[in-house]
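Single-letter residue listing:
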Amino acid sequence: MNKRKKVLIVGNSAKEYALVKKFKNYNCDIYVAPGNLALKELADCADIREDNVQELLEFVLENAVDLTIASSETAVKNDIAGVFQANGQLIFAPSAQSASFALSRSAGKRFLYKLRIPTPRFAIFDKSQLAVDYLKTAVMPQVIRADENSNSADRLVCNTFISAKTFVEDLFARDEKKVVLEDYVYGHEFTFYAVTDGYSVLPLAAVANYKFMEDGNGGILTSGIGCYTPDYKISKDLESAIMNAVIQKTLQSLEKKETPYLGILGADGVLLPDGEFVVLGFKPFLSDHDADAVLNLIDENLLTLFEACAVGSFADDYDTVAMSDYASVSCVLSSRVEGKIINGLELVESDISSFGIKKNKYMEYETVKGKNFVLTNTAKTLSRARRQLYEDIDIIEFDGKKYRGDICGQVENF
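Residues numbered from 1 in each chain as written. Predicted model: local features only at pLDDT ≥ 70, side-chain atom pairs only at ≥ 80, totals over all residues. Heavy atoms only, no water.

What to know about the overall build of the protein
Across its full length, the protein holds 13 helices and 20 strands. What you see for the protein is a C-alpha radius of gyration of 21 Å, in line with the 22 Å of a compact globule of 414 residues. Expressed along its principal axes, the backbone C-alpha trace of the protein runs to roughly 70 × 50 × 45 Å. Burial statistics for the protein: of 414 residues in total, 56% are counted as buried. Accessible area of the protein: about 18,100 Å², with a carbon and sulfur share of 47%. (Helix = DSSP H or I, 4+ residues; strand = E, 2+ residues; numbered from the N terminus. Rg over C-alpha atoms; globule rule 2.2 N^0.38 Å. Buried < 20%, exposed > 50% of the residue type's maximum accessible area, 1.4 Å probe, protein only. Areas by Shrake-Rupley, 256 points an atom, 1.4 Å probe, with all protein chains shown as cover.)

Here it is, written out as structure tokens:
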């Protein structure tokens, strides 16, 4: 009889919620640190901060945890992988050094430039006046971002010099150390995900991204507000090109530097009107808005897959990652206000992954201000998944409900 394994998932957002739901299908006990009120309904939560790597290690040792999965960028940045590996603990996550190009926008841009991977024209500044001088002759629109993805207010697409200047000065006034400026490119945004042990790599999925808050790509630029997968605009030939020219080139460079990258790696790109693509940057794991969409299509046991990467048997055990022939469409539901009662969640059939909604003393779900949860529908076709998703969105009611109504809107027969 197989021993029941113990798994620790480090993080407290929607992607960790999606992971916990997936792992509940396996023969394992699940811990989450630090977790949140929503995650406590699904798993045992340890009140340990993501950046407290030493205490997380002690928890793993005391509880005989078999595998840790660090999906939290904060934990990766604090080198949880390096600390755990030095203490003989299995962990599915990249080291801080190997993931630096995915954690810092400026490092990612320099990395792309060094490897000659196509990326939009960019500039990096650590002083406000130098950035403003650059903007005087820059092509508009400009995408302006803080170096680290810390909150929803750290990025903006600026159409004029005045708006760009104001935002740059605001970022430096908030004590940002570096600001990245980039020419905005028009096209189809996507993320291509792969899984690797640092030496071998296999593709997972291409995901079409929606990052602007309003329909038709208007409003505020976010880290992600919806998606669909598979992305029918990314052909098999294009997938091969991205694997060869971006993912494998990246991993080979890291291996040569003796900092192999272990985990899930995402490459954010834009498919241009002429069929070419550019890469905007990297992700050190699945994003919150697309975790359910991708995980729902993986037909492998993730516990076995992630363990194989951690122990070094990935290349021997896997020549492909089995994927379902279904399709997923996701949408993030946000609230303009907090403390409003959410009705209808128990009636929907779509998957729900929470950013941290809570229950009041009457056991009713209440909103938080900003992103509340991701709703994901998986069906035989994209058009069916989209239709069922929006039917479920209509069922959910709360004051201040905000979402995009055009996700996967062009799909007819896919």
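Considerations on the pattern of salt bridges
Note that side chains of opposite charge can pair when their charged atoms are close. Enumeration over the complete set of coordinates arrives at 21 salt bridges. Where lysine 77 meets glutamate 148, a salt bridge forms, and the shortest distance between an N and an O atom there is 3.2 Å. One end of the pair, lysine 77, is in helix H3 (residues 73-77); the other, glutamate 148, is in the loop between strand S7 (142-146) and strand S8 (155-158), and 71 residues separate them in sequence. Salt bridges linked by common partners bring Glu189, Lys211, Asp268 and Lys283 together as one network. (Salt bridge = Lys/Arg side-chain N within 4 Å of Asp/Glu carboxyl O.)

Some thoughts on unusual backbone geometry
Omega for the peptide link from alanine 33 to proline 34 comes to -5°, which places this bond in the cis form. Here proline 34 shows up in strand S2 (residues 28-34). The residue after methionine 140, namely proline 141, is reached through a cis peptide bond having omega 0°. Along the chain, proline 141 falls in the loop between helix H7 (128-135) and S7. The phi dihedral of alanine 64 is positive, around 55°, even though this residue is not glycine.

A word on a negative patch on the surface
Together, Asp47, Glu55, Glu58 and Glu62 give the surface a local cluster of negative charge. Inspection of the secondary structure assignment puts glutamate 62 in helix H2 (residues 53-62). (Patch = residues over 30% accessible without salt bridge, like charges linked within 9 Å, V, L, I, M, F, W, Y side chains within 5 Å. Lys, Arg positive; Asp, Glu negative; His and termini not counted. Charge placed at Lys NZ, Arg CZ, Asp CG, Glu CD.)

Overview of the nonpolar core
In this structure, Phe23, Ile69, Phe92, Val195, Ile264 and Phe306 are the most contacted members of the largest nonpolar core, which totals 43 residues. Broken down by secondary-structure element, the contributors of at least two residues to this core are strand S1 (5-11), helix H1 (14-23), S2, strand S4 (67-70), strand S10 (188-196), strand S11 (201-214), helix H10 (291-295) and helix H11 (302-311). Top element by residues in this core is H11. It accounts for seven residues. Ranked by size, the runner-up nonpolar core spans 30 residues in total, among them Ile225, Ala327, Leu389 and Tyr390. (Core = buried A, V, L, I, M, F, W, Y, C linked by side-chain atoms within 4.5 Å.)

Concerning H7
Of the positions making up H7, those classed as buried are Ala131, Val132, Tyr134 and Leu135. Buried residues along H7 cover an arc of 160° about the axis, so they all sit on one side. Considering only its buried residues, H7 is in contact with strand S6 (122-125), S7, helix H8 (161-173) and strand S9 (179-183). (Arc of directions from axis to C-beta. Contact = heavy atoms within 4.5 Å.)

Let's talk about the environment of proline 120
You can see proline 120 is positioned in the loop between helix H6 (105-114) and S6. By relative accessible area, proline 120 is classed as buried at 5%. With 175 residues separating them along the chain, proline 120 and leucine 295 place their C-alpha atoms 30 Å apart.

What to know about the sheet that holds S4
With parallel pairing, five strands are arranged side by side in an open sheet as S3-S2-S1-S4-S5. Each end of this open sheet is capped by a strand with a single partner; those strands are strand S3 (44-45) and strand S5 (91-92). As paired elements, S4 and S5 share two bridges and run parallel to each other. Its bridge partner lying in S5, threonine 68 is registered against isoleucine 91. Lying over the sheet, H1 contacts S1, S2 and S4, oriented at roughly 165° with respect to S1. (Pairing = 2+ DSSP bridges. Axes fitted to C-alpha atoms, helices over the stretch in contact; angles between N-to-C directions.)

With respect to the pairing of S9
In terms of burial, S9 is largely enclosed, as five of its five residues are buried. Going residue by residue along S9, you find Val179, Leu181 and Asp183 tucked away on one face and Val180 and Glu182 tucked away on the opposite face as well. With four bridges joining them, S6 and S9 adopt antiparallel strand pairing. Residue pairing across strands places phenylalanine 122 opposite glutamate 182, the latter belonging to S9. Bridging between S7 and S9 involves five bridges; their strand directions are antiparallel. Paired with alanine 146 across the strands is valine 179, a residue of S9.

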